[in-house]
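Structural overview for review
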Amino acid sequence: RGPAPVAEAAMDAPRRGVAAKPVLGACTLAAAAAATGGLGFALPGAGAPPTTAREVRLAAASARAGAPAAGQAGASSATASKAALATMGVAAAAVTASSRRNRRSARVAARVHPDQFVGVCEQTGVTLSRYLIELQKRGVIDSDLASIFNSIREASKVIAKLVSTAPLRQAELLGLEGAINVQGEDQKKLDVITNEVFKRALRYCGKVGTLASEEEDAPVLGSNHEALPVLSDTFADTGKYVCVFDPLDGSSNVDAGIAVGTIFGVFAEPEKEECGLPEDLTHLSVQQKALLASTLQPGKSLVASGYVLYSASVELVLTFGHGVVGFTLDASIGEFVLTRPSIQIPKRGKIYSLNQANDQDWDLPMQKYINALKSGTGESKTRYSSRYIGSMVGDIHRTLLYGGVFAYPADKQNKDGKLRLLYEGAPMSFIIEQAGGKATTGFVRVMDITPVRVHQLIPVVMGSPEDVDECQKYYLESHDVSLKETCMARMEGSLKAS
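Residues numbered from 1 in each chain as written. Predicted model: local features only at pLDDT ≥ 70, side-chain atom pairs only at ≥ 80, totals over all residues. Heavy atoms only, no water.

Turning to the pattern of salt bridges, a few remarks are in order. Under the definition given, this model contains 22 salt bridges. D142 is paired through a salt bridge with K240; the nearest N and O atoms lie 3.0 Å apart. Placement of the pair is D142 in the loop between α5 (128–137) and α6 (143–165) and K240 in the loop between β4 (220–221) and β5 (241–249), with a sequence separation of 98 residues. One salt bridge connects R200 with E196, and the closest N-O pair in it is separated by 3.3 Å. With a gap of four residues between them, R200 and E196 both fall in helix α8 (residues 189–205), about one helical turn apart. When its relative accessible area of 27% is taken as the criterion, E196 is described as partly exposed. (Salt bridge = Lys/Arg side-chain N within 4 Å of Asp/Glu carboxyl O. Helix = DSSP H or I, 4+ residues; strand = E, 2+ residues; numbered from the N terminus. Buried < 20%, exposed > 50% of the residue type's maximum accessible area, 1.4 Å probe, protein only.)

Here it is as structure tokens:
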């Protein structure tokens with residue numbers, strides 16, 4: 001059969017309850033299909049068009065890597081390349097249509113509650129493994145997404161072990177690595193180690209096409225065909241998901257034994273028309289362009305996100321777009337067990353969480369808002385308490401459970417704040433919103449902002465809906481035209497790098 005029916009059948013198979021051969025993500029195909037446009041992609045040595053899902057996947061993978069596919073070596077020509085790309089474009093279109101239907105049907109699924117589960121073990125309760133299986137049965141997630149979360153689960157357990165034993169292995173795990181990351185920050189030894197742990201776990205599952213980490217300069221391939229040979233089509237790489245993560249948020253606190261965490265988000269590879277790329281791509285290789293096309297997506301395109309808190313207990317909080325649930329690591333059985341089946345943030349809290357030492361450098365609306373909370377002259381007429389750990393995961397976890405507001409606003413020194421949109425702002429905003437809260441930059445919703453750089457920074461205000469609404473009123477009532485223009489420029493993707 002031709003590539004389009006094969007791709008369509010592969011995507012339809014899960015809905016019919018039969019095993020499907022994997023198909024590479026649509027954006028990988030779309031990026032290759034855009035070769036004759038401004039991206040400069042080229043498919044060398046085009047031979048016979050791919051006729052199976054596996055051949056489509058391998059052809060697209062070779063286009064992304066800039067190398068000839070198996071059986072297609074030889075002299076390339078512009079005509080042959082265009083013909084092969086056109087054929088791949090047909091397959092991409094089929095995958096696009098089916099993936100849209102799959103995601104649409106998954107998103108309208110009813111909220112899953114553990115009370116619906118039958119035959120739960122009385123000794124363990126609902127484990128994360130069981131929860132993922134139940135979501136698969138109900139069509140909320142597919143097997144690839146389940147595999148990704150199984151990898152995240154295992155990586156989190158390893159990182160929890162590293163964090164807890166770091167004081168006993170100081171020479172190996174504590175202190176500075178000696179390198180500086182792309183944000184100009186000194187990297188801790190655990191930053192580097194945990195980044196490798198998380199990256200290797202995700203690569204091994206074979207379901208991630210692109211990985212982007214706060215500790216990496218640029219997105220990288222989510223699989224390694226040479227290190228992990230394909231043994232069967234059943235376990236072959238599909239690469240239709242993109243994972244972004246901060247492996248150890250708050251790592252500056254780790255030497256002091258203060259709570260730290262991991263933040264992650266999962267996107268589906270975008271369709272061709274949704275691949276937003278900056279105008280200047282002259283400095284990027286073919287592979288880098290394809291990876292960048294997969295990564296630069298707004299938070300509203302997330303299919304899942306979560307965080308892991310390493311503290312008095314190890315807690316994993318996640319959402320698939322159907323509410324927020326929390327698991328706690330039971331070290332005695334080595335499993336995350338469901339302990340918070342439905343996390344709902346209070347409508348209003350009594351705590352604000354931010355670095356108040358910078359208050360003189362904040363935007364005027366933020367200064368007025370925090371002063372109102374401190375003095376009890378805000379809408380609630382209640383004086384708020386200040387609680388600030390300095391680790392986003394720890395502060396957000398408390399805010400999620402107790403209510404209130406967390407903020408990392410812009411200031412005179414950090415005009416875009418210090419939080420990364422892709423690795424921190426968007427994934428955390430998705431969780432907050434799914435728990436009934438809100439997240440804004442002051443004027444616009446964080447989830448609506450499409451990044452123009454993988455390490456783009458944004459200011460954030462997130463938490464209880466009534467608290468965030470109150471804060472936003474100060475911004476909307478501001479007469480500072482330049483402040484509004486700066487904030488709206490982020491929404492339009494025109495803000496230049498700091």
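Hydrogen bonds along the backbone pair up the strands of a sheet, which may run parallel or antiparallel. Read across the sheet, eight strands follow the order β4-β3-β5-β6-β7-β8-β9-β10 without closing on themselves; strand pairing throughout is mixed. Each having just a single partner strand, β4 and β10 (335–340) make up the two edges of the open sheet. Packing of helix α12 (residues 421–434) onto the sheet brings it into contact with β3 (208–213), β5, β6 (260–268), β7 (302–310), β8 (314–319) and β9 (324–330), and relative to β7 it is tilted by some 100°. (Pairing = 2+ DSSP bridges. Contact = heavy atoms within 4.5 Å. Axes fitted to C-alpha atoms, helices over the stretch in contact; angles between N-to-C directions.)

This part is about the nonpolar core. Y307, M366, L400, M428 and M462 are the most contacted members of the largest nonpolar core, which totals 55 residues. Per element, the largest residue contribution to this core is eight residues, and it comes from α12. Setting aside its immediate chain neighbours within four residues, Y307 contacts T262, I263, F264, E315, L316, V317, V393, I396, H397, L400, M428 and I431. Counting residues in hydrophobic clusters, the runner-up holds 49 residues, among them C243, F245, A268 and Y310. (Core = buried A, V, L, I, M, F, W, Y, C linked by side-chain atoms within 4.5 Å.)

As summarised here, the arrangement of the five strands in space is β12-β11-β13-β17-β15, forming an open sheet in which the pairing is mixed. What marks the edges here is a single partner per strand, and that holds for β12 (385–386) and β15 (438–440). When β15 meets strand β17 (residues 460–463), the two strands line up antiparallel, connected through three bridges. Looking at β17, one finds that A439 is bridged to M462. Taken strand by strand, α12 contacts β15 and β17, and its axis lies near 25° from that of β17.

You can see M428 is positioned in helix α12. Each C-alpha atom, one on M428 and one on V446, is 9.8 Å from the other, the two residues being 18 residues apart in sequence. Ignoring any residue separated from it by four or fewer positions in sequence, one finds M428 in contact with I263, Y307, M392, V393, I396 and M462.

For the structure shown, the criterion picks out three cavities of 30 Å³ or more. Of the voids in this model, the largest cavity is the one considered here, and its volume is about 50 Å³. If you trace the largest cavity, you find it lined by V112, Y131, L135, V140, L318, T319, F320, H322, G323 and V325. Of all elements in the fold, only α5 and β8 reach the threshold of two or more residues within the lining of the largest cavity. Here the residues of the lining of the largest cavity are counted per class, giving seven nonpolar, three polar and no charged. By volume, the second largest cavity amounts to about 40 Å³. What lines the second largest cavity is simply N355, N358, W362, A407, Y408, P409 and D411. (1 Å grid on protein atoms, 1.4 Å probe; cavity = no way out; pocket = protein on both sides within 12 Å on 5 of 7 lines; lining within 4 Å. Points joined across faces, edges and corners; volume = space filled by probe spheres on them. Nonpolar A, V, L, I, M, F, W, Y, C, P; charged D, E, K, R; others polar.)

Moving on, we get to α8. For α8, which comprises 17 residues, the first-to-last C-alpha distance of 25 Å matches the rise-based estimate of 24 Å (1.5 Å per residue) to within 8%. For α8, the full list of buried residues reads L190, D191, T194, N195, F198, K199, A201, L202 and C205. Across the axial projection of α8, the buried residues extend over an arc of 160°, all falling on one side. In this structure, α8 carries R200 and Y204 as exposed residues pointing more than 90 degrees from its buried face. Directly beyond the C-terminal end of α8, a positive phi value near 75° is found at G206. (Expected span 1.5 Å × (residues − 1). Arc of directions from axis to C-beta.)

What follows covers the confidence of the model for the protein chain. Of the residues in the protein chain, 65% have a pLDDT of 70 or more, and the chain-wide mean is 76. Below a pLDDT of 50 lies the segment residues 1–61, which in the model reaches 145 contacts outside its immediate sequence neighbourhood of four places, other chains included. (pLDDT = per-residue confidence, 0-100.)

Here the structure, examined in full by the defined rule, presents eight aromatic pairs. Seen from their ring centres, F149 and F264 are 5.7 Å apart, and the 75° between their planes marks the pair as edge-to-face. Taken as a pair, F149 in helix α6 and F264 in strand β6 lie far apart in primary sequence, 115 residues in all. Here F149 falls in the buried class, since its relative accessible area comes to 1%. Taking the relative accessible area as the measure of exposure, F264 reaches 0% and is therefore buried. (Phe/Tyr/Trp six-rings, centres within 6.5 Å; stacked < 30°, edge-to-face > 60°.)

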